[in-house]
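The residues making up each chain are set out below.
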Amino acid sequence: MSELRRIDETTYEISAEARSDMRVPARLFADEEILAAIRLDHSLEQLQNVATLPGIVDAAIAMPDIHQGYGFPVGGLAATELPDGVVSPGGVGYDINCGVRLLALPVGVEELGERREAFVHAISRSVPAGAGKESGKRVDLEAVLRDGGRVVADRAEDVERTESQGRLEGADPASVSERARQRGAAQLGTMGSGNHFVEVQRVDEIFDPAAADAYGLQTGQVTVLVHSGSRGLGHQVCSDYVKTMDSVLARYGISLPDRQLSCAPASSPEGRAYLAAMAAAANFAWANRQEIANRVRRAVARVLGGEAESGTHQVYDVAHNVAKIEVHGGREVLVHRKGATRAFPAGSDEIPVAYSEVGQPVFIPGSMGTASYVLAGERGSMERSFGTTCHGAGRRLSRTAARKEVHGADLRRQLEQQGIVVRTASNKGLAEEAPFAYKDVEAVVGVVARAGLARRVARLVPIGVVKG
Amino acid sequence: MHEWRSHTAEIELAIETDSEERVFAEAAAAFGELVALGDGGEPVQHDVTIDAADREARLVQWLEELIFLADTESFVPDSAQNVFIEGNTVIATLKGRRAPLEPLVKAATYHGLRFAHDNDVWRAQVVLDV
């Protein structure tokens, strides 16, 4: 990739002239060490492919946690100008509105004490992985698809402290297929497998006391981080519309370097139908994480008592696989975030009033044995990345390579020796998500901080992990 | 025969057989192998019909059908029998079991999709989102 040139300390760019089909440059936030890891897979080539999308503006942009995906790289974003720029279901991904929610308990790790194992166990019993017809909550699916998290929320504060208040405008349940409904019907409140988890943590260090105070976080406090998405319903919505758009490419005169990038003008019947279905699936995901949070609170009540349950507050909930209509630089664009997180700064009217002076919370999960970060959106994100920052550490090794390095049972013992209680349905799955399979989260967070996209607020370290 | 190949975040299924029909049968067996958590379970069979405009898309739709059955019925396929291809349609009977499985696979993708006949060998590859 000799065309990659360094723009400043944390920004690299491949010119739009590098390939005849690129419409804009491909831009990457990274440092030299991260760049060396990124060059080991095809993610930069995939980023260049994204730069070919009709209607894309400014650049195809990648965060330091970028890694090879299918079509779009994971850790990428693309803004297309409305009304006629394209929408690409692959630019959101199959797990529509995969995201992260942070709950903060009114107890410290000392107070949790020996009840830690019982707490992790109670969560594992309450939040199933969700294979087949599992014990998901039966709900009014139409209402969930239309109105999102508020349908199952017991507290108005949870809704307020969720990106877009847990409800994307324009959701149309009629645009969600019967197959998608069948897949999702029994899965509300379930985690899924792969890299999804519920993690019990301790606030290890505060970097920004004012923001931590606004978020209700203090050193030594117990937190619970929930990572899940729209489950089978969202997967099927994406499958349905990739198929639809694949069939209409010729009609719109669109030629692509990768069939998985299939797209249609956002103003077309196919584009509008996808956006309506995607919004409904995003709403399902917010309801799913809300129901998981409800179940975590019940586990808090069982193990720590009702007072601890009532004092458990939601810090925020962020999506990292979604497309949203936003205004940047005075123009209306559709921002596709695929493994990337919105990070609006202080003063934005899109974030809760309580956070308006410190910026939107962003959660960057580590990888079981390593720390996670709470960040706050910074003004640089609006100037440089359509209000976006990274979403995680980013994979470094394939699942097969990870399994070759460690057996799940051995990894479980290692984590337990580090003081992390582990509950998992699959030791194989645990090995695939081993900490060494990911890039160094500290380095990834360091890049977005130096680039001015987000700043560190707090570091959270795991004390218990529940995996699907 | 089939093999699972490394991919940074996902997994890739590669298949080589002596007939187009056996590509579909091999994909079903491979999928069952991937998601099964053990032996046993209630024997079940499903008659399936797939329609898509090209061969590659038919393979994606075939795998999507397996994913759907896994998600909604806990169906672990062991084999595909009586695979019949006519025009854009694939018809087959999936034999397997209702059993505990790993809810691993989200979707079959079009990324890097191949399905071709070269020198009497049918080769296919497809990336699954996990």
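Residues numbered from 1 in each chain as written. Chains lettered and ligands numbered in written order. Predicted model: local features only at pLDDT ≥ 70, side-chain atom pairs only at ≥ 80, totals over all residues. Heavy atoms only, no water.

### Looking at the overall build of chain B
For chain B, the count of helices and strands is two helices and eight strands. Moving toward the C terminus, one meets the helices and strands of chain B in the order β-β-α-β-α-β-β-β-β-β. Scaling as 2.2 N^0.38, a compact globule of 130 residues should have a C-alpha radius of gyration of about 14 Å, and chain B matches this with 14 Å. Buried residues in chain B amount to 61% of all 130 residues. Residue pairs in contact within chain B that sit at least 24 positions apart in sequence constitute 67% of those at least 6 positions apart. In the structure as shown, chain B presents an accessible area of about 5,200 Å², 43% of it carried by carbon and sulfur atoms. (Helix = DSSP H or I, 4+ residues; strand = E, 2+ residues; numbered from the N terminus. Rg over C-alpha atoms; globule rule 2.2 N^0.38 Å. Buried < 20%, exposed > 50% of the residue type's maximum accessible area, 1.4 Å probe, protein only. Contact = heavy atoms within 4.5 Å. Areas by Shrake-Rupley, 256 points an atom, 1.4 Å probe, with all protein chains shown as cover.)

### Some details on the overall build of chain A
If you tally the helices and strands in chain A, you get 16 helices and 19 strands. Taken over C-alpha atoms, the radius of gyration comes to 21 Å for chain A, in line with the 23 Å a tight globule of 468 residues would show. Dimensions of chain A, computed from C-alpha atoms along their principal axes, come out at roughly 60 × 50 × 45 Å. Put simply, chain A has 468 residues, and 67% of those count as buried. The long-range share in chain A, meaning contacts at least 24 apart out of those at least 6 apart in sequence, stands at 77%. Accessible surface for chain A amounts to roughly 15,300 Å². Of this, 46% is attributable to carbon and sulfur atoms.

### Observations regarding the pairing of strand S7 (residues 99–108) of chain A
Each regular strand displays side chains that alternate between the two surfaces of the sheet. Residues and elements named next belong to chain A. The buried count for S7 comes to eight of 10 residues, which makes it a mostly enclosed element. As defined by bridge partners, S7 adjoins strand S9 (residues 221–228) across seven bridges and the pair is classed as antiparallel. In the strand pairing of S9, Gly 108 is matched with Gln 221. Pairing analysis gives six bridges linking S7 to strand S11 (residues 313–319), with the strands arranged antiparallel. For Leu 103, the partnering residue across the bridge sits in S11 and is Gln 314. (Pairing = 2+ DSSP bridges.)

### A word on helix H10 (residues 269–304) of chain A
Residues and elements named next belong to chain A. Between the first and last C-alpha of H10 there are 52 Å, a value that for 36 residues agrees with the 52 Å anticipated at 1.5 Å per step. Among the 36 residues that make up H10, 30 are buried, leaving the element largely enclosed by the rest of the structure. Phi for Gly 305, located one or two positions after H10, is positive at around 100 degrees. (Expected span 1.5 Å × (residues − 1).)

### Comments concerning the interface of chain B and chain A
Taken together, the contacts link 34 residues of chain B with 37 residues of chain A. On the chain B side of the contact with chain A, B:Thr8, B:Lys106 and B:Tyr110 bury the most area, a combined 23% of that side's loss. At the junction of chain B with chain A, the criterion picks out three salt bridges. As a salt-bridge pair, A:Arg259 and B:Asp54 come within 2.6 Å of each other at their nearest N and O atoms. (Buried area = accessible area lost by both parts, 1.4 Å probe. Salt bridge = Lys/Arg side-chain N within 4 Å of Asp/Glu carboxyl O.)

### Quick notes on the side chain of A:Gln221
All names here are of chain A. Position of Gln 221 among the secondary structure elements: in strand S9. Among the residues examined, Gln 221 registers a relative accessible area of 8% and is labelled buried. Not counting the four nearest positions on each side in its chain, Gln 221 is found in contact with Ala 104, Leu 105, Val 107, Gly 108, Gln 201, Arg 202, Val 203, Gly 216 and His 313.

### Regarding the packing of helix H9 (residues 231–248) of chain A against helix H2 (residues 55–73) of chain B
Contact geometry for H9(A) and H2(B): axes closest at 12 Å, N-to-C directions at 160 degrees. Between H9(A) and H2(B), the interaxial angle falls into the category roughly antiparallel. H9(A) and H2(B) meet at a crossing whose hand is left-handed. Only B:Gln61, B:Glu64, B:Phe68 and B:Asp71 of H2(B) make contact with H9(A), whose side of the interface consists of A:Gly232, A:Gln236, A:Ser239 and A:Lys243. Taken together, the residues that form the contact of H9(A) with H2(B) break down as one nonpolar, four polar and three charged. (Axes fitted to C-alpha atoms, helices over the stretch in contact; angles between N-to-C directions. Parallel < 35°, antiparallel > 145°, perpendicular 65-115°, else oblique. Left-handed = near helix turned anticlockwise from the far one by under 90°. Nonpolar A, V, L, I, M, F, W, Y, C, P; charged D, E, K, R; others polar.)

### With respect to the nonpolar core
Ranked by size, the top nonpolar core spans 58 residues in total, and within it A:Leu28, A:Val50, A:Leu53, A:Met63, A:Ile364, A:Leu375 and A:Phe386 carry the most contacts. With near-sequence residues (within four places) excluded, A:Val50 lies in contact with A:Ile56, A:Ala60, A:Phe72, A:Pro73, A:Ala78 and A:Leu261. Of all hydrophobic cores here, the second largest spans 52 residues; its members include B:Ile67, B:Val83, B:Ala107 and B:Tyr110. (Core = buried A, V, L, I, M, F, W, Y, C linked by side-chain atoms within 4.5 Å.)

### Topic: the sheet that holds strand S1 (residues 5–8) of chain A
The strands making up a sheet associate through backbone hydrogen bonding, with each pair oriented either parallel or antiparallel. All names here are of chain A. Sheet architecture is open: seven strands sit in the order S1-S2-S3-S4-S5-S13-S12, paired in mixed fashion. On the outer flanks of this sheet lie S1 and strand S12 (321–328), each paired with one strand and no other. Between one strand axis and the next, the sheet turns by 40 degrees as a mean value, whatever way the strands run. When strand S4 (residues 60–70) meets strand S5 (residues 72–81), the two strands line up antiparallel, connected through four bridges. The residue bridging Ile 61 from the neighbouring strand is Leu 77, located in S5. Taken strand by strand, helix H2 (residues 43–50) contacts strand S2 (11–14), strand S3 (26–29), S4 and S5, and its axis lies near 110 degrees from that of S4.

### As for the confidence of the model for chain B
If pLDDT is low for a region, its predicted coordinates should not be looked at in detail. All names here are of chain B. For chain B, the mean per-residue pLDDT works out to 94, and 100% of the residues sit at or above 70. Ranking the elements of chain B by mean pLDDT puts strand S1 (residues 2–6) last, at 89, and strand S5 (residues 89–98) first, at 97. This prediction of the complex comes with two scores: 0.95 for pTM and 0.92 for ipTM. (pLDDT = per-residue confidence, 0-100.)

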